[in-house]
Each structure stands twice: as C-alpha cells, then as structure tokens.
Amino acid sequence: MQQSDVGARESGKIWLRKPCPATRDGLIVNIVHTAAEYQPKSLRFLNVAFDSTGDAFIAGDHQGNIYVFDLSGNRFTLVQRTNQASTALAFNLHRKSEFLVALADYSIKCFDTVTKELVSWMSGHESSIFSISVHASGRYAITTSSDTAQLWDLDTFQRKRKLNISQSVGIQKVFFLPFSNTILSCFKDNSIFAWECDTLVCKYQLPPPPPVGSDLKYKVFAVTRDGRTLATGGKSNHLHLWCLETQQLFRIIQLPTKIRSIRHIEFIPDSFDAGSNQILGVLGQDGIMRFISIQNCKLLFDVGTLDEGISTAIISPNGRYITSIMENGSLSVYSIQVLTQEINKNDLPKGLCKKSLQMLLRGYGEYPTKYRMFIWRSLLQLPENYSAFNSLLDKGTHCAFLNIHEKYPIKSRKLLRILQRTMSALAHWSAIFGDTPYLPLLAFPFVKLFQNNQLVCFEVIATLIINWCQHWFEYFPNPPINILSMIENLLAHHDKELLQHYMNCGVTAQLYAWPLLETVFSEVLTREEWLRVFDNVFSNHPSFLLMIVVAYNICCKSPLLNCNHKDDFEYFFHHRNNLDISVVIQEAYRLMLCTPADIHPETMLDDFVPLTKSQYPVFNKYPKFIVDYQTQELERIRNDELEYLKERQVVHEMEAEIMRQKDEDKIWYQKQELLREAENKRRDILLEEEKKLVEQRDRLVAVKRDLKLKEIQLLSASRKRFLQNQLDQREMELRRLDDEIERKVSLRGEEVATSAKEVGLRRLEIETQRQLLEQQLAKNENISTQEMKEDLNNYRRKVDLEEQRFHKAVEKDECHRLKTHKLIEETLANAEQACIDTDWKIQVLLKRKFDEAERKEHYEETARLLRNNRARELDVLNALKGLGIKKGKEDEEYPLHSSDSIDALCNRIRRKYHFGTDDCQPSQDDHFEKLQELKTTSLLKPVSSTVLPEGHLSHIPGIDPETHFSLNRKREELERKELELMSEIRNIRYKYAQQARQRYYTPPLHRHYDADLLIT
C-alpha cells in the first residue's frame, strides 16, 4: 500500500511506482492532504465524485480546495479554490471537463477543470445541499436539501422546477434513475414516488414497507444500472429490495446484528451483467463496508477496519475502483478486480448449467444481448488474473508490433492502441505469437468487442487459442495442415461433389477453409451473425468451430460451383455473402451428429480447458526449434539491419559532416571575401568622407566670413534706419506741433469756450441719464408685462405730444425763414421722429423678448423706417449743398472758421441721429455721407500749407484716412463758401439748441442709448 501526500502542490503524480494491491484488502493508494507548516493538522476530504468514464474523480476538502485525480494517467491537479467547504459534488456532466459543487453558503457553482474558470453560479436553496443527481445525458441535475429539491437545466443553468415539501415530512433524497427519464423522490415518512422528468407527472408510488421488528426509516438508497431494483436502508440492520417494474418489495435482507444502522449503500457495476447488478456494498455505523450478493445474501468481501473506518464511499461507473473517505479525512482507493479475485464469479447461477444454456441456445438461436457477456465469461471460466495480466502489460510494446499501424491502419486510435497492447501481451506470454502473422486478424473482433475491458479481452483470446486453436501451430510457420486435413475429410464425407469441384479447380483447404479460421469468420459475417456463431462455438466442443467451416462451404455450394478461377474463390472467402447464418448453424449441428467417429474432430481435439488462476499456463504447443530458429534469424536479421542502419547513419553523418565542413569553409571564404570588400569600401568611404569634411570645413569658413560681412552690413543698415527713424519722428513731431499751433491760433476763443461748455454739459447730462437708466432698469426687472405695456403707451403718447409741440414751434419759426430753411427744419424733425420711433420699437423688442416671428417683423419695420430716413437725409444734404453754394463768398473769407463750423454741424447732426440703437449705426453713418463730402470739398484747399487733424476726418465715415488732400486748389472759393455756410449753420444750431432744451425731456430708456452712442 502506497501513501500519497498532496501537500501544497497544485499537481503531481498520485503514486511513484505502479501499485500492486494485496488480495486481502485491494488497497491501491491512500491519499492525504498535509496542511502547511503554520497549520498543525491535516486537511480533511469531505466529498468525492467519479466522472462518467470511471477513471478519474474529484475530491474537495473542508477548506474549499478541489482536486482532480486521474487514476489512469497517475496525475492529480488542483482545479479550484472555493474558500468554503463543499457539501456535494458531481462530475458526470455532458461537458466532460465541467463539474458541479454545492457550497456551504447554499449555492451551486459550475467550474471547468481545464480552464479552471467559473462557468455558472446558481442559487435558490435556503439550507445545506447534501445531494446532486445528474441525468444520464448530463444535461439536467437535481439538487436536494432538507426542505426542497430543484431541477436545473445544465445548458442554460436555469432552474426548471422546484419541489417544496412541508418541514414535518422532509426530503431524504431525490435522484434520477440510471439511463432513464424517471425521477425518484424519497421522503422521511418512507413514501417513495416516481415522476416523469419532462412533465413531472407522477408515474407510481411504492406501497409502504411492512413493519419488521422495529419501524424502519429509509435514509439511504441505491439503484441498479438497469433501473429495475431499488435498495433501501436506514437505522436498522435490514435492507429492503424493491422491484420498480412491479412496484413490490420482493426481498428483505437481514445484516449481522453488529450493524445497527446503515450509512451508505451502492451497487457494483459489472459490464457482464447487463445492468442487473448483483453485488451491493453496505457501509455500517462501524466504518466497515461489506459487499454482499443480493441473490444468495452471502458476504463476499469487505473493506475498512474498526481502527481505520470509512466515512463514505463511492464506486466508479466502470466497476474498477472504490474511493472511500476515511474517518481521519484521507482518501483510500481500492481495486475491485483484486478484491473479487477469490470470488468464484465464473460459476453459473443455480439451475442454469451449461446443458441448460445449450438447450436455450438451440431454442432461440442466440443468447440475450444484455446477458451475453456474462454467459460468455461464465462458459469460458475466465480467471481474471489481474496481476499476471499487468505484468505482461508492464513489459511494454513487443518489437513485433511496433509498426502494427502500418499493416493495419485502423481509424480509431483507441482501438489500435488496445490491439497493440493485447498483441504485445500475447507475444510476451508465448514467443510464437510475436511471429504469427494472422494473430491480429484473429484477435481483432474480440478486441473491438471487449475494448473497455482489456483483461477480459486478453483472457478470451487466450482461451480461444488454447481450446479452439488446438494443433494450429504444429506446422508453424505453415498453416495447420492437420486441421485442414480434418476439414477436407469432413467435406469429402458430407459433400463429395463440392470437394471434387475444388479439386478440379485446383483449390485446396488453404483457400476455402483457412481464411475462415484465421479471421474467425469476421470477414464474411456481420456483427450480429458473428455473435450468434460464437454463442454456439463457446457453448460446444472445440471441434464445433471446424464444423462451422464445413457447414459454411456446404451452405454456399451453389455459388461456389459457379466459380472456376482461384481469384473468384479467394474473393468469395474474404467477403460477405448472402447467407442465412441460422442455416449454417443448424447444418453444423447436423454435421456434429452425423459425422463418423473415425473422422470426427471431437476424437482428435481435447475437451475444453479453462485458463489457470493467478498465473496463465505455459503455451508451447508449437515446433519450438523452428520458432527459436526463426526468432534467432529474425533477431540476427534485425541486428544486421540495426548494424546496417547504424553504419548507414554513420556514413550519412560523415557525409553530412563533410558537407557541413565544406559549407562552413565556403561560407568562411565568402565571409573573408566580403570582409575584404567591405574593408576596401569602408576605406574608400573614409577617404571620401575626409575629403568631404575638408570641403565642408572650407565652405563653413566661407559661410562664417559671409555671415560676418552680412552682420556688419545689417548693423550698419540698422543704425542708418534707426537714425533715419529718429529724424523722421522729429520731423513728424515738428509738423504736428506746427499744425497744432496753427489750429489753436485759428480757433476763436469764444467758440472754443462755448463748445467746451456744451460738450461738458452734454457729457454730464448723458452720464446722469445713463446712471438713472441703469437704476431704472434694475428697479423695473420684475415689473409685469402689463405695466411695461402701459409705460410704453404712456411714453408714446407723451412723445407724440412733444412732437406735436415741436412741429408747431418749427412751423412758427419756419414762417420767418426762407423756403430752404423750412425744408431743412422739416427734414431734421422727420429724421428725429423716425429715430425716436425706431428706438422705441427696438427697445420693446429687446425688453419683452418676443418670439422669432415678431422680432423679424419689427426688424422689417425698422429697415423700412431707416430707408425713409435715408431718403429724407438725402433731401437735407441736397439743401445743405444749395446753402453751401450761396454762402461761398463767406467761406472764402473765413475758411478755418467754416471748417470748424461744418465739424460742429456734423457732430450735432450725428448726436441728433445717434438716439437710435447700434443696429442703426451703419445707416446713420450713410446719412451723413453727403454732408461729409461737402465738408471735404470745402477743405480741399489748405490754409497756409496746414493739414487737417485726424480728429476731423475720423467723424466722416466713407472718407479714407489715407486720402491725400491737395491743399492748394481753389483756396479762395472754399473759404468764401465755408464762411457763408458756417454763419447759416451757426444760426440754425443756436436756434435748435434753445428749442431742444425747452421742449425735450429724454426718457430713461432713450437717454441710455443716447449716452451709449455718444460715448462710443
């Protein structure tokens, strides 16, 4: 017994050397999990579950570590750390790498053993989950807790159904029946119900069990693989066996009195019992698991001891291993094959002897499919020498079958590997089988049939060779002439015509009998026909196989008589033919009865002898010297071939070494040549670079010299420009001073003082109005809409009254003036009224924030008014031009005075028309174009070579500041016109200033915009 410590490793080997379990206990390995150094105790395993193949299982400890143990690959791997204890595991899902784990927080998680990632997380239970049952398809699972059972879809990980139960009743277990859509639910009151998985319709309910001694409460349950028998147990030493087909209790098994309660029960699967498992494992409260036969109620074997008790156990689906969790928290893996070696499982059940089977076979023609393997194993009395077979496998692949895949290219790699192992085991058992060319053909149908149990496969083939292949190897390496002679004698006795036809065509028994024997009919029969044939072969004397060969030829007489060429016969006995196998079997039985004793093979062949137990018998019924000689020759040839291969390998290596050396030399010379060429190139490049460097240095010196010269020139030019700039600035300053002196001299002190006072008063008035307007706006922000409308209406009426008064005053004044003055006065009044109306409407639009349509309408109204204003201003300008012509003489006498007067008039008109908003500014500037042109015309001729200041030109839009005036043209005419126009404008200006002071009271809103425009 080996012990394996998982420790802190995440992966490793389970055992270091191949285990050889003892017959008395069958223990393969004991697995412990020692904690880290800072933890004083070892970790206890809590749950274990096998996968669907039965060669690997998962186990979880109380810290949430989950390991996968691969028994066939001798590897373990840490696949997940859940950080909490697991309460149940399941490893037989339809995706083979996934498993389910129920955790202490009542949740179920699905992980992948390959990627080690979380696949899904399911929740819904409110108490600890103690059971997970997975459907045979692996697509559904039932999780059970004490108060509920839930059905899950493992494709979507969604809950499909939920079974709730009263706490007074309680659930013991809910699980799927094997290979069935039936769900079995077992409750604490001993009631058991069967449900249909798809519809959850109750199929039946088992009747209550009869009282036996004390009231038995079911706690543990187990079902056979065929789903027909249910075993139940609890706190008693009684087991109840139920037949689920009849829903009746058919047997009660009483265990020894030392068993007071049953912890766990489980059937041992067997590939030969077609699912009707006969051995039941029962784990008692003493920690010993006893295995009993449910047929004869005998104790077969047990595992565990009182000192090393078992806490729970699980049996692999293939019936090879028992994995138990011991009371100390370790895992123990047992071999069922070793434990059952001493049990005579080859004896047929009572009342079913070999003669009874033969009668059954004669009646039905074949054995039942689900019992065939069990019957074959019983008829052949296989010893199941596990240790002996493992010793043959441990010798590895025989050299004769290393390249078996080249001769027999089988698609299934698994089947090819099993065939190679079986052939190697046979070759290690007896040397002749390594040189028998037809052995793979003979063994292949059995390998394919028993591919899931290699031990049984080997022993069936070995039994076949010992009994049904008697005297086959006496003429080795030739076919068995003696056996073929027996077949020829039988054919001569029973069908001379067919034998004569064979002789006429030159066909011997090696052509019509040997192909059938060496392939054991696998080439000419289907699987079902072949199984029926060997049902009869294994149930009769070994000579029956020869009778089958003769019967096959006789039953195929008609097509064979039509064949005349050897190729036709060869094809016929290597391919399937249209033949009723029942007729062939009946003919073979007839031949067994009608054949005379002198030629009957039964007298020449020995009776059936089974294989010996523990060790296989020695097989030496062959010409040993021939085999040894052939083996020696083959060994010699093999050695010669190896020597030849070695020599050829050496020659190839020498040639390769020579070629490599040549290549290296060639490469070395090429590299040297390249190095020389590269060196010459680099030398040339260096020379060229040196020349270039010298040239660059020369160019750099020249460039530096040029830069120095340019720098000197630039400094000289900069100094000259600086001096010239200083000179120009001084000249400009002198001209500016001269102009300023001339302008000051030309201004009259009185006009300057008056203008300054008016400007000061106007500015103070504007500033006051601005401040009042800001205060008024701040106060009126929260005034309602209606009040604003009323104020606007009142203001408009007031403006209309003032306007009427203004018109009356203007009309009275204009009566005493010329028609020209009247036109100017009316034009100015209309322009002022238009600006006032425009300003009021724009203020209403800004303050009320009307919608877009209203704003557009007001803008169009404003534009119309501006167009009207422009037309009226043009009339005013035309009138001013007429006055300018009349007053030309005065302008010639006082040119500077005229210029200043025109300036003042322009500013007055600008201030008068600036009562509008900023939006009207471009139009108002256009209104004064004509007036400014008139002023410009009056200033074209300078006085005493002086230049107008920039301040005058800045008030005339449309005049380019860079325009150079010719000041020497028509000086006298311009001065005369300016004097006349200035005197007229002065009178008008004085009059309107007086009238404006008396009549106008500017409202806050109006004054605000007036101030803003003037300041701007």
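Each residue is numbered by its place in its chain's sequence as written, counting from 1. The predicted nature of this model means local features are confined to residues of pLDDT at least 70 and side-chain atom pairs, given and counted, to a pLDDT of 80 or more, with totals for whole chains, interfaces and linings taken over all residues. Think of the side-chain values as coming from all heavy atoms in the structure, minus any hydrogens and water.

**Section: the overall build of the protein**
Part 1 of the reasoning: Regarding its fold elements, the protein presents 29 helices and 30 strands.
Part 2 of the reasoning: A total of 1016 residues make up the protein; the buried ones form 46% of that total.
Part 3 of the reasoning: Only heavy atoms matter for contacts: two residues are in contact if any of them lie within 4.5 Å across the pair. Contacts spanning at least 24 positions in sequence make up 62% of the contacts within the protein whose residues lie at least 6 apart. Each helix is a run of H or I in the DSSP string that is no shorter than four residues. Each strand is a run of E no shorter than two, and both are numbered from the N terminus. The cut-offs for exposure are 20% and 50% of the maximum accessible area for each residue type, with area from a 1.4 Å probe on protein chains only; residues under the lower value are buried, those over the upper are exposed, and the others partly exposed.

**Remarks on the sheet that holds strand E16 (residues 171-176)**
Part 1 of the reasoning: Here four strands make up an open sheet; going across it, the order is E16-E17-E18-E19 and the pairing antiparallel. Looking at the sheet topology across the chains shown, the edges are occupied by E16 and strand E19 (202-205). The sheet shows a mean angle of 20° between the axes of neighbouring strands, direction not considered.
Part 2 of the reasoning: Sheet analysis places strand E18 (residues 192-196) next to E19, joined by three bridges and oriented antiparallel. Bridged to Trp195 within E19 is Cys202. At least two bridges found by DSSP between two strands is the condition for calling them paired. To get an axis, a line is fitted to the C-alpha atoms, and for a helix only the part in contact is used. The angle between two axes follows their N-to-C directions and goes from 0 to 180 degrees.

**With respect to the sheet that holds strand E29 (residues 321-326)**
Part 1 of the reasoning: As summarised here, the arrangement of the five strands in space is E1-E3-E30-E29-E28, forming an open sheet in which the pairing is mixed. For this open sheet the edge positions go to strand E1 (2-5) and strand E28 (310-315), each flanked by a neighbour on one side alone. In this sheet, adjacent strand axes meet at a mean angle of 20° when their direction is disregarded.
Part 2 of the reasoning: Pairing of E1 with strand E3 (residues 27-32), which is carried by four bridges, proceeds in the parallel orientation. Residue pairing for E3: Ser4 is matched across the bridge by Ile31.

**Focus on helix H8 (residues 454-468)**
Part 1 of the reasoning: An expected span of 1.5 Å times one less than the residue number is assigned to each helix. Taking 1.5 Å per residue, 15 residues should reach 21 Å; H8 reaches 20 Å between its end C-alpha atoms and fits that length.
Part 2 of the reasoning: The element H8 is largely enclosed, with a buried count of 15 among its 15 residues.

**Focus on the packing of aromatic side chains**
Part 1 of the reasoning: Classification of ring pairs rests on two measures: the distance between centres of Phe, Tyr or Trp rings, Trp counted by its six-membered ring, which must be within 6.5 Å, and the angle between planes, read as stacked under 30 degrees, edge-to-face over 60 and tilted in between. Scanning the model with the defined rule gives 41 aromatic pairs in all.
Part 2 of the reasoning: When the ring of Phe187 is compared with that of Phe193, the centres are 6.0 Å apart and the planes differ by 70°; the resulting orientation is edge-to-face.
Part 3 of the reasoning: Given a relative accessible area of 5%, Phe187 falls into the buried group.
Part 4 of the reasoning: In this structure an aromatic cluster arises from ring pairing among Phe389, Trp429, Phe433, Tyr438, Phe458, Trp472, Phe473, Trp514, Tyr616 and Phe619.
Part 5 of the reasoning: The ring of Tyr589 has Arg362 sitting right over it, with the charged end atom 4.1 Å from the ring centre. Two conditions define a charge located above a ring, namely a distance within 6 Å from the ring centre to NZ of Lys or CZ of Arg, and an angle within 35 degrees of the ring normal.

As far as function goes, none of this settles anything; it's purely spatial.
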